[in-house]
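These are the residues of each chain, in order.
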Amino acid sequence: MLVELLYCSVSVAYQITNVDLEHILDSARRRNLEEGITGVLLYYRGAFVQILEGSKESVENVYEKFIGPDLRHTALNKVHQNTIAHRSFSQWSMGFVGAPEIESRMPSTAIGILMNTLTDESKSKPLSLGLNAFVSIYNQMRKSPYK
Ligand SMILES: Cc1cc2nc3c(=O)[nH]c(=O)nc-3n(C[C@H](O)[C@H](O)[C@H](O)COP(=O)(O)O)c2cc1C
């Protein structure tokens, strides 16, 4: 059974560095490949938002055993979990979207094209509940960049 899980959390460090993010993504991607998990992580102004998709067993296992206990973030809030018919991020063991991408239109990056496609799709056809919530959080983040 394929599921998607969406959660938000708050980074513990006042300002997380690129090195911290690389460490998180390195181990996340390694394990996600082994577990058949795909998804995207957003990081903006101290907030993480992550969508994970994969088998129910793998997604719950990684969320509970590795993501939840990670001391680099706190205040985890599972926004949504549901079964899905197919993956939306099948090419991404864990895509990453940070402040530069959120504050620009990201025209040329692969993840930018993907997010633009998703946001366009969300206007015309119903997305899964989790994906819809993910796109709307992403849009809220994009609407209020620091000037
Ligand atoms: C914001 C955030 C997102 C994470 N996402 C994932 C993930 O998608 N998959 C995963 O296995 N671990 C994830 N983790 C957990 C860690 O990256 C890492 O797997 C865990 O600390 C254990 O790492 P190690 O086995 O390399 O020591 C995440 C942690 C944080 C703070």
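S.K.: Please give an account of helix 2 (residues 56-67) that cites residues and values.
M.R.: Taking 1.5 Å of rise per residue, 12 residues should cover 16 Å, and helix 2 covers 15 Å from first to last C-alpha, within 8% of that figure. When we look at burial in helix 2, the residues that qualify are Ser58, Val59, Val62, Tyr63 and Ile67. For helix 2, the buried positions fall inside an angular range of 125° around the axis, keeping them on one side. More than 90 degrees from the buried face of helix 2, the exposed residues found are Glu57, Glu64 and Lys65. On its buried face, helix 2 is in contact with strand 1 (2-11), helix 1 (18-35), strand 3 (47-55) and strand 4 (73-83).

S.K.: So what's going on with the site of the ligand? Residues and values would help.
M.R.: Around the ligand, the structure places 16 residues, and the nearest of them are Ile24, Arg31, Asn32, Gln50 and Asp70. Between an oxygen atom of the ligand and a main-chain N or O atom of Ile24, the distance comes to 3.1 Å. The separation between an oxygen atom of the ligand and a polar side-chain atom of Arg72 is 3.3 Å. Secondary structure elements with two or more residues in the shell around the ligand: helix 1, strand 3 and helix 2. Of all the elements, helix 1 adds the most residues to the shell around the ligand, at five residues.

S.K.: Report on the pattern of salt bridges, specifying residues and quantitative values.
M.R.: Within the structure shown, the criterion is met by four salt bridges. In this structure, Arg72 and Asp70 form a salt bridge, with 2.7 Å as the shortest nitrogen-oxygen distance. Given a relative accessible area of 32%, Arg72 falls into the partly exposed group.

S.K.: Which residues make up the side chain of Gln50, and what values go with them?
M.R.: Mapped onto the elements of the fold, Gln50 is located in strand 3. Judged by relative accessible area, Gln50 falls into the buried class, the value being 5%. A distance of 2.5 Å separates polar atoms of two side chains, one belonging to Gln50 and the other to Tyr7. With residues up to four places along the chain from it excluded, the contact list for Gln50 reads Leu5, Leu6, Tyr7, Val40, Leu41, Ile67 and Met94.

Rules used throughout
Residues numbered from 1 in each chain as written. Predicted model: local features only at pLDDT ≥ 70, side-chain atom pairs only at ≥ 80, totals over all residues. Heavy atoms only, no water. Helix = DSSP H or I, 4+ residues; strand = E, 2+ residues; numbered from the N terminus. Expected span 1.5 Å × (residues − 1). Buried < 20%, exposed > 50% of the residue type's maximum accessible area, 1.4 Å probe, protein only. Arc of directions from axis to C-beta. Contact = heavy atoms within 4.5 Å. Near = heavy atom within 4 Å. Polar contact = N/O pair within 3.5 Å; in protein donor to acceptor, adjacent residues only side chain to side chain. Salt bridge = Lys/Arg side-chain N within 4 Å of Asp/Glu carboxyl O.

By themselves, these are just geometric observations and shouldn't be taken as functional.
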